[in-house]
Amino acid sequence: MLFRQLIQAAAFASAASAASAASEPDPAAEYDWASIVPSRDLEYHDCYDGFKCARLTVPLDWRNASDGRTVAIAMVKLPAVVPDDDPTFGGSIFLNPGGPGASGVDYAVKRASTTQKLLVDKPGVRHYEIVSFDPRGIGRTTPVTDCFRSNGFARTAWTLENHAKGPLSSGLGAISYGLGITRSFSIRCQQEEKKYGEAEGAMHFVNTPSVARDMVEMVDKIDELRKREAAKKQKQKPQRQGGDLEEESEDDADGEDDDEMQTELKKRGKEDKNDPIPRLQYIGYSYGTILGNYFASMYPGRVGRLVLDGVMDAMDYATGAGWTTNTADTDKMFKEFWKGCYGAGPNMCPFLKSDANPKAAQKRFWSWTEHLDSYPVAIYEPSGGLMALRGQDIRRIVGNALYNPIQDFQPLAIALYEGMAGNLSRLATWADLSIPKIGDTCGPKRNISLAPDFKEEGAMAITCGDGNDVVGRSIEWWQWYVEDQEAQSRLFGSHWSSIRFSCAGWPYRPSWAYRGPFASPKPNRQLYIDRPAAPLLFLSNRFDPVTPLRSARSMAESHAGSAVVVQETLGHCTFGSAPSKCTWKIVSDYFHHGTVPDKETVCPQDCGPWDKDCSAYKVLGRDDVSESSWKALYHLDEPPRLRRAPLGVE
């Protein structure tokens, strides 16, 4: 078990509020979102460094006009490098970093500039503004899903208790006890909801269909704001002298013709090209491909350009047992790790000192982790932290490292080599990152002007609401589910089964459910009102640990005219896995022209995880993007970490 934070929390319990205050993020580093009054009309305010922020009011229940409750969506925009009325301005591109439950605001502040300069802009030809948002229930959007807002210490205790039960694959006892923990968590959520009445009932409206409808509203409000600003500029222009009355009468006559044209266009099912319907331009990563898939399926006539990178099977996500196809390539990718390590030579791969070949190293790895499952290794640190490191903990560390090979593969090789030789200190540090830090958990944290933490209940509200109800399933059913996951991935199956298991006691069912079909009609460049303006573009790495290539191919078949680009890379999602000028050009051309490759296209990577210095900055030598932003894109400036969002790029 991991007891470090629990011991620390007890030691500091008498000074909890002081510890919390000392460890909270500096409010000066976070924008004061509370200073923005939510509005039904989009109103941007200067924020962060060169960004614009807004809080847009939308209905809590889109399908019940009599329900007066609302949601205030936190939106952020990085303006284009040209004004809106410049002929090269290409409109807004929305970003979603996945999760479920990750903050779009956080992602945009860190990555929007790199995305803009690298992936979408064509200098002098087409320039875009980048928009993102915290989905309902998440981050700075209110009301927020938070089941521990009145007692952060209880969150740490619950996290440790959940870890201490052991992996679900360890037997019926772990499943049985885990079911009890999930039910107690649900009771906690219901109690907190009653205590803070402003959020009561919100859990029923957090899932993906409502967020897809929110995006329709955001697209419309951006269009309305742009038209208001254009009209304001037009009024400010100097009036021409003479002839005004004659020109007005001509305009009136044209207006009658316009009305007739609008009627005729509607009969034909087409838009008026002079006043087109606002459409979404979007890049979604990981779970963001689910959100994009829902949007395209529910609102095909509002699709402008959709790029879905790191694709999850939407039918598997929304129906059946759920989340059963994600790890199809995980173990294959782990084998690629060993091959790459041995190919990199002894300076980068210490296993050449101890094992004759990759197969021998892998065999020793599996024997070692299975031994640790039965005989966990005790770790003691001078600070008083205690840890019992199990084989399942090691496998989870490795599975998480597969997300970001450029960041993690080289240090992972060293950590595994040391661990298998008896020195587990480096791996223990990686495992410890899965537990909240003391400063993040003591005392309430409800101020939206402080940077929000990722909360499991936000992810649960989305995941459990979108999928079939699994409350009340038997211990035997869950045993089958875990075994099925492990049969697919020996490395990550047990951990992956815990995602769906978190819904075993979830008490909220969605007000609005969508189970498919996940499909869209053939696009039409003539802007038919019920069809996408362009086909969808799906991106996938050759080996992705949690969104396999076959899912991208399957989803592309359901959206007429779409195409798949395969990047010869290891990792989760193409953009943050490795630099590829080929992939980036296809995406940039797609946003500009709205066309996709005629058939499945393969793009090489420009460097990989075993190269001495692999970054887009080095590959392209771009002067307009700083080296620090490249490092941030590939998390090279961060320590190895365990992910709390299974389908996110952050």
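Going by the structure above, here's the rest.
The residue numbers shown here count from 1 along each chain, following its written sequence. Given that the model is predicted, a residue must reach a pLDDT of at least 70 before its local features are reported, and side-chain atom pairs must reach 80 or more before they are shown or counted; all residues, however, enter totals for whole chains, interfaces and linings. With hydrogens and water set aside, each side-chain value is computed from the structure's full complement of heavy atoms.

K.L.:
Please give an account of the environment of Thr289 that cites residues and values.
P.N.:
Working definition: helices are DSSP H or I runs of at least four residues, strands are E runs of at least two. Numbering for both runs from the N terminus. With respect to the secondary-structure elements, Thr289 resides in helix 8 (residues 287-298). Expressed as a C-alpha distance, the spacing of Thr289 and Leu647, which sit 358 residues apart in the sequence, is 9.7 Å. By the convention used here, residues are in contact when the closest approach between their heavy atoms is within 4.5 Å. In this view, Thr289 contacts Gly284, Leu308, Asp309, Gly310, Val311 and Met312; residues no more than four positions away in its chain are not counted. Here Met312 takes part through its backbone nitrogen, which lies 3.2 Å from a polar atom of the side chain of Thr289. Here a polar contact is recorded for every N or O atom pair within 3.5 Å, except that within protein the pair must consist of a potential hydrogen donor and a potential acceptor, and residues adjacent in sequence are included only if both atoms are side-chain atoms.

K.L.:
Any details on the sheet that holds strand 13 (residues 601-604)? Residues and values, ideally.
P.N.:
Strands in a sheet are paired, the pairing made by backbone hydrogen bonds, and the direction either parallel or antiparallel. Pairing between strands is defined by DSSP: at least two bridges between them are needed. Strand order in the open sheet formed by ten strands is 1-2-3-6-4-7-8-11-12-13, and the pairing between neighbours is mixed. Among the strands making up the open sheet, the edge pair consists of strand 1 (45-47) and strand 13. Strand-to-strand twist of the sheet, defined as the mean angle between neighbouring strand axes without regard to direction, takes the value 25°. Pairing geometry for strand 12 (residues 563-570) and strand 13, over four bridges, is parallel. Axis lines are fitted through C-alpha atoms, for helices just across the contact stretch, and the angle between N-to-C directions can take any value from 0 to 180 degrees.

K.L.:
Now, about empty space enclosed by the protein: what can you tell me, with residues and values included?
P.N.:
A 1.4 Å probe that fits but cannot get out identifies a cavity on a 1 Å grid over protein atoms alone, an open set with protein on both sides within 12 Å along at least five of seven lines counts as a pocket, and a residue lines either if it has an atom within 4 Å of a point. Grid points are joined across faces, edges and corners, and a volume is the space filled by probe spheres set on the points. According to the stated counting rule, one finds six cavities of 30 Å³ or more in the structure shown. Those elements that place two or more of their residues in the lining of the largest cavity are helix 4 (152-164), helix 12 (391-401), helix 16 (456-466) and helix 18 (493-501). Among the elements that take part in the lining of the largest cavity, helix 18 stands out by supplying six residues, more than any other. Ten residues, namely Ala, Val, Leu, Ile, Met, Phe, Trp, Tyr, Cys and Pro, are considered nonpolar, four, namely Asp, Glu, Lys and Arg, are considered charged, and the remaining ones, Gly among them, are considered polar. Along the lines of polarity and charge, the residues of the lining of the largest cavity split into 18 nonpolar, 13 polar and seven charged. As annotated, the domain borders come from an automatic or database domain assignment. Counting contributing residues, the lining of the largest cavity receives three or more from each of domain 2 (152-200 + 439-466 + 472-502) and domain 3 (329-435). As for the second largest cavity, its lining consists of 16 residues, and the residues nearest its centre are His572, Gly576, Leu633, His635 and Val649.

K.L.:
Tell me about the layout of surface pockets, residues and numbers included.
P.N.:
Space inside the second largest pocket adds up to approximately 1100 Å³. For the lining of the second largest pocket, the leading source of residues is helix 6 (residues 208-236), giving nine residues.

K.L.:
Give me the lowdown on helix 10 (residues 330-344), citing residues and values where you can.
P.N.:
Helix span, as expected, comes to 1.5 Å for every residue beyond the first. The first and last C-alpha atoms of helix 10 sit 21 Å apart over 15 residues, in line with the 21 Å expected at 1.5 Å per residue. The classification of residues rests on relative accessible area computed with a 1.4 Å probe and restricted to protein chains. Under 20% of the type maximum is buried, over 50% is exposed, and intermediate values are partly exposed. Listing the buried residues of helix 10 in full gives Thr330, Met333, Phe334, Phe337, Trp338, Gly340, Cys341 and Tyr342. Looking at the buried residues of helix 10, the elements they touch are helix 11 (358-374), helix 12, helix 13 (405-420), strand 11 (537-543) and strand 12. Phi for Gly345, located one or two positions after helix 10, is positive at around 95°.

K.L.:
Can you explain the nonpolar core? Please cite residues and give values.
P.N.:
Definition used in this section: a nonpolar core is a set of buried Ala, Val, Leu, Ile, Met, Phe, Trp, Tyr and Cys residues joined via side-chain atoms within 4.5 Å. Judged by nonpolar contacts, the single largest core of 87 residues is most densely connected at Met75, Phe94, Phe133, Tyr317, Trp478 and Trp506. Considering every element that reaches this core, the biggest residue donor is helix 6, with eight residues. Among all residues touching Tyr317, those that are not within four sequence positions of it are Thr208, Tyr287, Ile290, Tyr294, Met312, Trp323, Ile462, Thr463, Asp466 and Gly467. Counting residues in hydrophobic clusters, the runner-up holds 44 residues, among them Trp33, Leu537, Ile586 and Phe591.

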